[in-house]
Amino acid sequence: GSKEGFANLAQALTAPGDVIICPNPAYPIHAYGFIMAGGVIRHVPALSPEEYLSGISRAVKHSAPPPSVLILSYPSNPTAQWVDLDFYKEAVALARRHDMLVLSDIAYSEIYFDDNPPPSVLQVPGAKDIAVEVNSLSKTYAMAGWRVGMVVGNARICAALARVKSYLDYGAYTPIQVAAAAALNGPQDCVEEIRGIYKGRRDTLVESMKRAGWDIPAPPASMFAWAPLPEAFREAGSMLFSKLLIEEAGVAVAPGVAFGEYGEGYVRIGLVENENRIRQAARNVRRFLANADEILGRAHNTGTGQ
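The sections below set out a description of the structure shown in this document. (Residues numbered from 1 in each chain as written. Predicted model: local features only at pLDDT ≥ 70, side-chain atom pairs only at ≥ 80, totals over all residues. Heavy atoms only, no water.)

A short note on empty space enclosed by the protein
Phase 1 of the analysis: Applying the stated rule across the entire model yields one cavity of 30 Å³ or more.
Phase 2 of the analysis: Roughly 70 Å³ of volume is contained in the largest cavity.
Phase 3 of the analysis: Around the largest cavity, the lining residues are Pro-23, Pro-25, Ala-26, Tyr-27, His-30, Ala-46, Ser-73, Tyr-74, Ser-76, Asn-77, Thr-79 and Gln-81.
Phase 4 of the analysis: Looking at the lining of the largest cavity, its residues break down into six nonpolar, six polar and no charged. (1 Å grid on protein atoms, 1.4 Å probe; cavity = no way out; pocket = protein on both sides within 12 Å on 5 of 7 lines; lining within 4 Å. Points joined across faces, edges and corners; volume = space filled by probe spheres on them. Nonpolar A, V, L, I, M, F, W, Y, C, P; charged D, E, K, R; others polar.)

Next comes the structure, spelled out in structure tokens:
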């Protein structure tokens, strides 16, 4: 899958001590793939695409040796951020200026809303000289677990990945390869259908949670919502909030700090349940927020809040 492919790319491109620029918060493999390969991660705050771009040059200036790889991931997991082509033009210009390769994870390229399909970094003139893009069939065709992904772009980087893959494994189970080819070459109505399902879940989540007292920004893409902690729990932090939410309300979210230090203050919510279950979760959240003081008091008294 694309996750494994990303980690294998890190092995193909990284020597011990190489510096890699990575957004923070980020999907964990974006950093840990390179860490496992002996690389050093230069985390750049990325709570908005603009913040990430503005931090890249500062990160280069304060890195020794200079960074060799720039990681991009839009639509983003966990933050659900979407970028336009101008973002990629600037990112490619920065990478060229500082002699970096670009790895772009675009696994959620087809999960977008409001008629705003995400662009590709490879649309930028000259990007194929320095960039590759990693994608997956897991999200687009609901084939999670089949582990089928692809990488396109710069020929030398793709060849380096192929060399690493040839040492690590042989090939996916043939019927899965045939099914993947059928998905890519066949009618694409299912992609629009899946996109519509996620949009319905997104709208239901935002509307029902707002009624419950939790304002969650509507994500423009991906299968996640990136939600600031409710006011009563901001001092408690994302880890304690997530723990209390599942214990007291039966609702599971991922603490933002799990995706990097700059993810603190947020949680990631997966649009993985149907709309009725989302409404049920919102009813539980409403009761949870109504009893916030009592719940926090119990947590502190039992030491959970330490």
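Looking at the pattern of salt bridges
Phase 1 of the analysis: Counting across every chain of the model gives 16 salt bridges.
Phase 2 of the analysis: Put simply, Asp-129 and Arg-96 hold a salt bridge, and the shortest N to O gap is 2.9 Å. With Asp-129 in the loop between β4 (101-105) and β5 (131-136) and Arg-96 in helix α4 (residues 85-97), this residue pair connects regions lying 33 residues apart in the sequence.
Phase 3 of the analysis: Between Glu-273 and Arg-277 there is a salt bridge whose closest N-O contact spans 3.6 Å.
Phase 4 of the analysis: Its relative accessible area of 42% is what places Arg-277 among the partly exposed residues.
Phase 5 of the analysis: A network of salt bridges, in which partner residues are shared, links Asp-114, Lys-199, Arg-202 and Asp-203. (Salt bridge = Lys/Arg side-chain N within 4 Å of Asp/Glu carboxyl O. Helix = DSSP H or I, 4+ residues; strand = E, 2+ residues; numbered from the N terminus. Buried < 20%, exposed > 50% of the residue type's maximum accessible area, 1.4 Å probe, protein only.)

As for the layout of surface pockets
Phase 1 of the analysis: Empty space within the largest pocket amounts to approximately 470 Å³.
Phase 2 of the analysis: Lining of the largest pocket is provided by 20 residues; of these, Gly-1, Arg-147, Val-148, Gly-149 and Lys-165 occupy positions nearest its centre.
Phase 3 of the analysis: Of all the elements in the fold, those that place two or more residues in the lining of the largest pocket are α1 (2-13), β6 (149-153), α6 (155-168) and α7 (174-185).
Phase 4 of the analysis: In terms of residue count, α1 provides more of the lining of the largest pocket than any other element does, four residues in total.
Phase 5 of the analysis: Tallied by class, residues from the lining of the largest pocket come to ten nonpolar, six polar and four charged.
Phase 6 of the analysis: Taken as a whole, the second largest pocket holds about 320 Å³ of empty space.
Phase 7 of the analysis: If you trace the second largest pocket, you find 16 residues lining it, with Val-251, Ala-252, Glu-273, Arg-277 and Ala-281 closest to the centre.
Phase 8 of the analysis: Looking at the lining of the second largest pocket, the elements that each hand over two or more residues are α8 (189-212), β9 (266-270) and α10 (275-290).
Phase 9 of the analysis: Counting residues per element, the lining of the second largest pocket draws most heavily on α10, which supplies five residues.
Phase 10 of the analysis: The residue inventory of the lining of the second largest pocket, partitioned by class, reads ten nonpolar, four polar and two charged.

Some thoughts on the sheet that holds strand β1 (residues 19-24)
Phase 1 of the analysis: Strand order in this open sheet of six strands is β2-β1-β3-β4-β5-β6, and the pairing throughout is mixed. Of all the strands in the sheet, the pair left with one neighbour each is β2 (40-45) and β6. Strand-to-strand twist of the sheet, defined as the mean angle between neighbouring strand axes without regard to direction, takes the value 25°.
Phase 2 of the analysis: Sheet analysis places β1 next to strand β3 (residues 69-73), joined by two bridges and oriented parallel. The partner of Ile-20 across the bridge, within β3, is Val-69.
Phase 3 of the analysis: The sheet contacts of α1 involve β3, β4, β5 and β6, and relative to β5 the element is tilted by about 155°.
Phase 4 of the analysis: Across the face of the sheet, α4 comes into contact with β3 and β4 while running at roughly 170° to β3. (Pairing = 2+ DSSP bridges. Axes fitted to C-alpha atoms, helices over the stretch in contact; angles between N-to-C directions. Contact = heavy atoms within 4.5 Å.)

Read these as spatial facts, not as claims about activity.
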